[in-house]
Amino acid sequence: ELKRRRTGLAYNEKLTKHFSLWNPDFTEIPKRIEKPYERCQQYKLLERCEPVQSRNATEEEMELLHSKNHIQILKSSITMTEEELKELSQKSDYIYFHNDSYASACLALGTSIQLVDDIIHQKVLNGFAIIRPPGHHASRDQFNGYCYFNNAAVAAQNALTKHQMKRILIVDWDVHHGQGIQRFFYDDPRVLYFSIHRYEHGHEWPNLRESDYDYIGRGEGQGYNINVPLNVCGCTNSDYLFIFFNILLPIAYQFDPELIIVSAGFDCALGCPEGEMEVTPACFAHFINLLSPLAGGKLALLLEGGYNLDSLSESVALSVKALLGDVCPVIHPTNKPKDSVIESVLNVIKVLRLKWSCLQYQPLLNPGQSSIKTLLPSVSNLNSIFQSPNEENYPLIQECFNTSPDAEEKFGENIARLNTIIQTMKLRKTNYKLAIACNENQSGRPKHEDIYDKLKQYGLWNPCYMFLGGNSSERELTNIVDRVFKDEAQSAITLVSKSGEHEESSITDINSISIFTIVKCCKQQYNTNRILIVDWTGESSCCKSKEWFVDKESILYISLNWSKDVGQGASCSSKTVEKNGFNINIHWKTGDIENGDLIAAFYQLVLPVAYEFSPDLVIISASFNQVNKKEVEYSPSAPCFGHVLQLLRGLADGRLIMAIQCDSNSEIISECVASCVSVLLDNPCTKLGTLVPSQRGIESICQTADELKPYWNSMNYREAIPE
Ligand code: X5A
Ligand code: ZN
């Protein structure tokens with residue numbers, strides 16, 4: 001198999017020709033692509049990416065969504081005088097025309113289509129188009145907000161018509177609402193448009209009523225348009241991740257897209273004067289990491305806004321790094337999302353929960369009784385939601401300019417913080433992706449030959465580095481910890497089995513001993529402050545090993561065990577939540593869970609709490625023995641474990657140690673291990689199909705979430721819900 005570079009990068013100097021001849025306030029300037037490209041160069045990313053052929057869009061492609069008249073007007077600007085250009089610009093909102101506008105818009109659009117096509121044809125896995133002018137405000141017949149052709153929308157439409165795609169997710173994290181994209185696909189269930197934008201109850205540009213949460217799509221497309229309005233400025237990583245965990249990921253996993261297009265605007269990033277939000281550049285890498293298990297990794301980022309060149313450039317470069325599969329830089333521990341953001345999220349859930357069964361974690365808000373205040377009339381019956389935006393009739397909301405008195409001071413603080421972040425950015429680099437500790441041909445030691453065979457069969461054996469020997473398991477484990485903390489390997493896997501001997505012989509299960517040894521070594525040798533242990537060994541160990549980990553809130557222990565005996569409480573007496581929220585045991589109601597339940601536990605519980613804890617190391621204590629047990633009716637599938645590993649890789653700079661207990665040999669265990677190894681080697685996750693949690697799963701997750709309320713800010717929003 002030919003090894004291609006996984007990430008496509010599109011850039012063309014010709015895209016710098018178009019600019020505003022007369023209005024310096026129009027910050028959509030050529031440097032907006034030059035600087036990010038330069039930053040990618042500084043990070044040595046260009047040579048790691050596959051160049052994407054930039055090209056002009058054909059008329060046929062433009063006409064997929066734009067009218068002939070619209071195209072003609074733009075074309076006519078090629079030969080206009082400055083006076084004529086000015087006059088034409090006046091007819092649109094936040095638009096300037098330049099003799100090179102048509103050329104740039106054609107090239108930006110064609111290049112966007114090309115990148116998406118290359119991804120669909122698997123020339124590259126994913127990619128980034130560093131392009132301008134942006135596109136998401138343009139509609140069929142409107143130039144708007146620096147946008148001429150709608151790059152993301154036309155690329156999506158092309159994927160529908162030319163490649164018969166059936167489900168495309170468009171994530172729009174530009175700080176402005178991409179009303180253009182919304183209008184194109186408002187009736188179309190094949191394109192799920194998801195936008196997070198500054199709204200301020202309509203007082204932020206483009207001041208449209210249709211940008212609010214109750215515009216959910218129409219007819220067949222009802223439920224496939226999702227607006228998350230941000231009604232306050234200063235939204236942070238915590239607010240955005242809260243939206244990802246509680247709305248975007250559940251819906252994305254249920255929608256099961258074949259392709260994800262991101263309208264990647266970085267005007268929500270810290271320091272951008274347009275957005276006044278505070279998402280840090282590293283957080284975009286996390287957004288990408290969280291989306292990457294979906295759609296088989298087919299992810300196309302198209303540049304939209306972003307008007308602070310430093311913050312824009314850093315964000316773009318870190319996004320490209322994430323697409324390349326590099327570890328996500330550590331971000332600050334998350335804290336409680338803003339009340340206003342909680343309110344928006346609950347409002348979105350309120351209008352969508354009938355359509356999306358994955359949104360069942362919050363009790364239905366009873367309109368009228370809600371203690372949460374909205375400036376808008378509350379939605380009292382679902383029929384009133386179906387307002388139809390059409391280009392003739394958009395209710396406009398007055399723009400307001402009452403910037404708060406300390407806004408300037410705040411802006412200065414943000415710029416200072418941004419500079420510190422950029423200057424002190426630490427990027428972890430390792431020689432190897434994955435170290436596997438295994439003992440071949442040593443007497444008295446377990447062999448896992450069929451697992452190794454499976455890895456060889458899948459071509460995963462050679463890319464795994466460092467075959468560590470060692471006679472005592474303690475030495476072997478210490479060795480593994482060294483590899484990870486000395487940055488020789490990004491993550492590590494060790495296969496353990498019951499036959500091991502250990503001084504703590506009262507504890508019988510070897511995985512607990514291994515975890516204990518790893519933790520001890522981390523603390524003694526590397527002064528590790530916070531360790532997250534995720535345990536899905538099933539059977540007995542969940543209740544035993546955690547007893548060791550009681551010290552000073554430095555270990556967060558989460559067990560997700562789903563074997564029968566644990567589920568029915570036979571051998572597990574532990575409470576759901578103990579030790580001030582640092583021992584979490586999800587007790588699955590009937591003892592068996594499916595893919596949808598495991599994934600939901602991650603986006604609803606594990607990830608929010610883990611991002612708030614912000615570990616220095618993630619340890620996974622796993623066993624796949626229960627996967628094929630006869631008495632277990634349901635179980636997550638092998639690829640599903642790959643997904644949760646990918647989600648966890650965003651934490652701790654990718655420092656992840658996995659101890660897999662392999663007592664028996666079976667095809668399915670080998671498959672599970674191979675799936676994990678594959679993901680840790682940066683291969684894309686396998687698609688899982690549409691996922692929703694089961695009713696049993698929802699109950700278990702809700703019960704756990706409720707009990708976590710007092711201890712974890714990220715769970716605290718559940719307080720806001722009235723009975
Ligand atoms: C693409 C984009 C913003 C226009 C802002 C007008 N457009 N205030 O970010
Ligand atoms: Zn924008």
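Look above for the structure.
A. Representation of the overall build of the chain in the model. When helices and strands are tallied, the chain shows 21 helices and 17 strands. Per-residue burial over the chain gives 64% buried out of 723 residues. Put simply, the chain shows about 26,500 Å² of open surface, and 47% of that area lies on carbon and sulfur atoms.

B. Seen up close, the sheet that holds strand S8 (residues 299–303). With parallel pairing, the 8 strands of this open sheet are ordered in space as S2-S1-S3-S8-S7-S4-S5-S6. Of all the strands in the sheet, the pair left with one neighbour each is strand S2 (50–51) and strand S6 (225–230). With 5 bridges connecting them, strand S4 (residues 168–172) and strand S5 (residues 191–198) associate as parallel partners. Counterpart to Val171 in the pairing with S5 is Phe194. Against the sheet, helix H9 (residues 281–291) contacts S4, strand S7 (259–264) and S8, and its axis sits at roughly 150° relative to S8.

C. Structural context of the nonpolar core. Membership of the largest hydrophobic core comes to 210 residues, with the highest contact counts inside it found for Trp173, Leu291, Trp536, Phe624, Leu648 and Met658. Both domain 1 (7–423) and domain 2 (432–720) contribute no fewer than three residues apiece to this core. Core analysis: the second largest hydrophobic core is formed by 22 residues, Ile480, Ala489, Ile531 and Ile533 among them.

D. Representation of the site of ligand 1. Around ligand 1, the surrounding shell holds 13 residues, and the nearest of these are Tyr94, Gly145, His176, Asp267 and Tyr307. Interatomic distance of 3.2 Å between a side-chain N/O atom of His176 and an oxygen atom of ligand 1. Asp267 is positioned with one of its side-chain polar atoms (N or O) 3.1 Å from an oxygen atom of ligand 1. Look at ligand 1: alone it shows 310 Å² of surface, and the protein chains cover 98% of it.

E. Up close: the coordination of the zinc ion (ligand 2). Every protein donor of the zinc ion (ligand 2) is accounted for by Asp174 (OD), Asp174 (OD), His176 (ND1) and Asp267 (OD), and the metal-donor separations fall at 2.0 to 2.6 Å. Each donor residue of the zinc ion (ligand 2) lies on one chain, and together they are spaced D-x1-H-x90-D. One end of the pair, His176, is in the loop between S4 and helix H7 (179–184); the other, Asp267, is in the loop between S7 and H9, with 91 residues separating them in the sequence.

F. Region of the structure containing the environment of Gly223. Looking at the element boundaries, Gly223 is found in the loop between S5 and S6. A C-alpha to C-alpha distance of 9.0 Å links Gly223 and Leu354, two positions 131 residues apart in sequence. Residues contacting Gly223, with those up to four places away along its chain left out, are Leu192, Ile216, Gly217, Leu352, Lys355 and Trp356.

About the cut-offs
Residues numbered from 1 in each chain as written. Chains lettered and ligands numbered in written order. Predicted model: local features only at pLDDT ≥ 70, side-chain atom pairs only at ≥ 80, totals over all residues. Heavy atoms only, no water. Helix = DSSP H or I, 4+ residues; strand = E, 2+ residues; numbered from the N terminus. Buried < 20%, exposed > 50% of the residue type's maximum accessible area, 1.4 Å probe, protein only. Areas by Shrake-Rupley, 256 points an atom, 1.4 Å probe, with all protein chains shown as cover. Pairing = 2+ DSSP bridges. Contact = heavy atoms within 4.5 Å. Axes fitted to C-alpha atoms, helices over the stretch in contact; angles between N-to-C directions. Core = buried A, V, L, I, M, F, W, Y, C linked by side-chain atoms within 4.5 Å. Domains from an automatic or database assignment. Near = heavy atom within 4 Å. Polar contact = N/O pair within 3.5 Å; in protein donor to acceptor, adjacent residues only side chain to side chain. Donors = N, O, S within 2.8 Å, 3.2 Å for Na, K, Ca; no water.

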